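Residue strings, one per chain:
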Amino acid sequence: MDLSTSERFRLQQLATELNATHAELIDDDRLEKWPDLFVPDCTYRVIARENHDRNLTLSAIFCDSKGMLVDRIISLRKANIFPVHSYRHILGPTRIVSAHEFKITTQTNYAVLMTRADGHTEIYNAGKYIDEIDCSEDQPLFISKVAVFDTNVIDTMMVRPI
Amino acid sequence: MAEKALKNRGSSATADVAGYRVPYRVFTDPDYYRREQENIFQGETWSFVALEAEVPEPGDFKSTFIGETPVIVTRGSDGKVHVVVNRCAHRGALVCREMRGNRPSLECVYHQWAYDLEGNLIGVPFRRGLKGQGGMPGDFDMKEHGLRKLRVDSVGGLVFASFSETVEPLRDFLGPIVIEHIERIMCKPIKVLGDQRQHVHGNWKLYAENTRDPYHASLLHLFHNTFGLYRSTQTGKSVMDANKRHSLLYSIAASNDDAADKQAYGDSRTFDTEFKLQDMSLLKGRQEFDDGVTLVILAVFPNLVLQQIQNTLAVRQTVTKGTDGFELVWTHFGYADDDVEMQAIRQKQANLIGPAGLVSMEDGEAVEIVQRAVIGEHDAASYIAMGGDRPDDADHLVTEGAIIGFWHNYEKLVGFGIAP
């Protein structure tokens, strides 16, 4: 679908901001707010490139409802034990791949740096987001967010969303 | 060396009848690591290398490792699975640089020496020289310069390989209990669902302990407790083969008992039945086996775990990366005849296991906090005594007997003594 230049810029701006907010909530450990960026029957998937490239669906994290996102965070806070660490997302430009009315598909490269309690920062996970975003309301929301990661070997564990 | 090992180990390993002790140096000292590569991974053992389903067609290959040695698993034109060391017979280059694929032959990129899928040398460029110059010596025999071929055998579609010409046959090495439980899970054709890899900054043997340790399960992994998937008050057993190499842990969920749990755990942090999932579909599953067993952790010496947790089926392969690191490769699978709903169940339950597993992610941290604490220790030792100081089977899960079984085998193959 052809978009006017101004409409394309507007949608791209919305998608960029949504991804920036997504990164910020995770990096700042405001994880309880993170599910609010998704529609109720969303898909959130974090999948190794070696599986994605083979059309295999096995994912590190796979949620098919906003409730599952909430459960992940509650589990992180209440049940799971993991090394103390924080993330820092570095995002590339967001490109609109396709648009259908107010539903757009975008792609964004990312790198997640991890800092552990000893103060060392390392590249933890690099990949791309393939997102479907609903831009029909004031607050754009992820219908689907798929993080395909190049870093096939996960360092120790993955507890926070990517 | 062996004699010295036997003399020295007395104080650390077996003198204390009240508990079994493992000197921490075995987790950090490179001498032990070298002996393990020689005496365990290249010694009198069988290592897991692949599922047959990963190389279903002639020409299919997979690169992997036994210990730290790179190997290639191939399906030959004869339809059989072969395992060769991934090292050119010429000057030692990797022959296969990809993780997996399909090829008619294996060719080293350096000088294009070519091998068939069984590892036989079939081509050497300029073998007879060029314009009468150079070339290999006249008595050069292609048959003498193949890739190093390993012994290969499989049980239930799990492929094992060995460097040893003298090790007992695979089925004897595994023993009837392990074979029974491999065949229970591998009861029909499987379909590979994908891989997960994690690097753990700890010694591989800490993970061998972890997977033989039912004691920690309900104390470290709180997700299980919270949702009643696994509790120490469940009926469960810890069983070993006759040689105590391998460990089978299993439990039956039907035996869950809330009242008994409250009595056992009281208000400790490990028990919280108030905790409810917003989306219970995560725990939705099907009973696949008539025996009611919902959790099987089959740890096969030295490098494999075959698991069933609810409806997640997977093999976990340990690849050693020095004294203080190992890679854990999880290959998930379902059955070829899974219907759409079953495929969805397995995909969703995969959230429970692996490096991001709601249930299992803690194991990496458990290994690392030991590794970080035992750095530089020479004589200090662990203390293993839950359920006794012997490698005994138990019809409960409050035991560390299978860990002691692992170390008894380690003593035989490597020893706790100091290398010369």
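Residues numbered from 1 in each chain as written. Chains lettered and ligands numbered in written order. Predicted model: local features only at pLDDT ≥ 70, side-chain atom pairs only at ≥ 80, totals over all residues. Heavy atoms only, no water.

The name recorded for chain B in an unreviewed UniProt entry is Large terminal subunit of phenylpropionate dioxygenase, from Hyphomonas oceanitis SCH89. Quoted verbatim from the Cofactor (unreviewed entry) heading of the UniProt record, the comment on chain B is "Fe cation". (UniProt positions renumbered as here; feature names shortened; annotations may be inferred.)

Taking an unreviewed UniProt entry as the reference, chain A is identified by name as Aromatic-ring-hydroxylating dioxygenase subunit beta belonging to Hyphomonas oceanitis SCH89. UniProt annotates chain A under Sequence similarities (unreviewed entry) with the comment "Belongs to the bacterial ring-hydroxylating dioxygenase beta subunit family."

### Quick look at the environment of Met-342 of chain B
Residue and element names in this part refer to chain B. Position of Met-342 relative to the elements: it lies in helix H8 (residues 340-349). Separated by 31 residues in the primary sequence, Met-342 and Asn-311 place their C-alpha atoms 8.7 Å from one another. Sequence-distant contacts of Met-342, that is, excluding residues within four places in its chain, are made with Arg-286, Glu-288 and Asn-311. (Helix = DSSP H or I, 4+ residues; strand = E, 2+ residues; numbered from the N terminus. Contact = heavy atoms within 4.5 Å.)

### With respect to the nonpolar core
Grouped together as the largest cluster of nonpolar side chains are 131 residues, with contacts concentrated most on Met-158 and Ile-162 of chain A together with Leu-158, Leu-174 and Trp-407 of chain B. For this core, the two domains that each supply at least three residues are domain 1 (47-129 + 139-154) and domain 2 (177-414) of chain B. If we ignore the near neighbours within four places in the chain, the residues touching Leu-158 of chain B are Phe-48, Ala-50, Leu-51, Asp-153, Ile-182, Met-186, Leu-304, Leu-306 and Val-315 of chain B. Listed in part, the 16 residues of the second largest apolar core include Val-84, Ala-93, Leu-106 and Met-142 of chain B. (Core = buried A, V, L, I, M, F, W, Y, C linked by side-chain atoms within 4.5 Å. Buried < 20%, exposed > 50% of the residue type's maximum accessible area, 1.4 Å probe, protein only. Domains from an automatic or database assignment.)

### Details of the interface of chain A and chain B
Many authors give the size of an interface as the accessible area that is lost as the parts come together. Between chain A and chain B, the residue contacts involve 35 residues of the former and 36 residues of the latter. Around 3,200 Å² of area is buried between chain A and chain B when both sides are counted, 53% of it from carbon and sulfur atoms. It is Leu-58, Ile-81 and Thr-156 of chain A in chain A that bury the most area against chain B; as a group they hold 21% of the surface buried on that side. Inspection of the region where chain A meets chain B yields 5 salt bridges. We note a salt bridge from Glu-50 of chain A to Arg-100 of chain B, for which the minimum N-O separation is 2.7 Å. Applying the counting criterion to the chain A and chain B interface returns 23 residue pairs in polar contact (both at pLDDT 80 or more). Listed by contribution, the elements that provide at least two residues to the side of chain A that touches chain B are helix H2 (49-52), strand S2 (61-63), helix H3 (66-78) and strand S7 (153-155) of chain A. Among the elements that line the side of chain A that touches chain B, the one with the most residues is H3 of chain A, at 8 residues. (Buried area = accessible area lost by both parts, 1.4 Å probe. Salt bridge = Lys/Arg side-chain N within 4 Å of Asp/Glu carboxyl O. Polar contact = N/O pair within 3.5 Å; in protein donor to acceptor, adjacent residues only side chain to side chain.)

### Observations regarding the side chain of Arg-116 of chain A
Relative to the elements of secondary structure, Arg-116 of chain A occurs in strand S4 (residues 103-116). Here Glu-368 of chain B takes part through its side chain, which lies 3.3 Å from a polar atom of the side chain of Arg-116 of chain A. When sequence neighbours within four positions are dropped, the list of residues in contact with Arg-116 of chain A reads Pro-83, Val-84, His-85, Asp-155 and Thr-156 of chain A together with His-201 and Glu-368 of chain B.

### Regarding the pattern of salt bridges
All told, the structure shown has 33 salt bridges over all chains when counted by the stated rule. Its salt-bridge partner being Glu-24 of chain A, residue Arg-30 of chain A comes within 3.5 Å of it at the nearest N-O pair. Residue Glu-24 of chain A is classed as partly exposed on the basis of its relative accessible area of 44%. The partner of Arg-184 of chain B in a salt bridge is Asp-291 of chain B, and the shortest N-O contact between them spans 2.6 Å. Placement of Arg-184 of chain B in helix H3 (residues 170-185) and of Asp-291 of chain B in the loop between helix H7 (258-265) and strand S14 (293-300) is noted, with a sequence separation of 107 residues between them. Each of Glu-50 and Arg-54 of chain A together with Arg-100, Asp-195 and Arg-197 of chain B takes part in salt bridges that share partners, so that together they form one network.

### Some remarks on the sheet that holds strand S17 (residues 326-335) of chain B
Reading across from one edge, S7(A)-S11(B)-S17(B)-S16(B)-S15(B)-S14(B)-S13(B)-S12(B) is the order of the 8 strands in this open sheet, with mixed pairing throughout. The two strands at the open ends of the sheet, each matched to only one other strand, are S7 of chain A together with strand S12 (235-240) of chain B. Each strand of the sheet is rotated relative to its neighbour by a mean of 20°, with strand direction disregarded. (Pairing = 2+ DSSP bridges. Axes fitted to C-alpha atoms, helices over the stretch in contact; angles between N-to-C directions.)

### Describing the domain arrangement of chain B
Residues and elements named next belong to chain B. Examined at the domain level, chain B breaks down into domain 1 (47-129 + 139-154) and domain 2 (177-414). A separation of 33 Å is found between the C-alpha centroids of domain 1 and domain 2. Contact between domain 1 and domain 2 buries roughly 1,100 Å² in total, counting both sides, with carbon and sulfur atoms accounting for 57%. Among the residues domain 1 hides against domain 2, the three largest losses belong to Phe-48, Leu-51 and Phe-65. Together they make up 46% of the total.

### So, unusual backbone geometry
The omega torsion of the bond from Phe-301 of chain B to Pro-302 of chain B falls at 5°, within 30 degrees of zero and hence cis. Of note, Asp-29 of chain A is a non-glycine position whose phi angle comes to about 60°, a positive value. Turning to its location among the elements, Asp-29 of chain A is positioned in the loop between helix H1 (5-27) and strand S1 (38-48). Residue classification places Asp-29 of chain A among the partly exposed positions, given a relative accessible area of 34%. Phi is positive for Lys-131 of chain B, close to 50°, though the residue is something other than glycine. In this structure, Lys-131 of chain B sits in the loop between strand S8 (121-123) and strand S9 (151-155).

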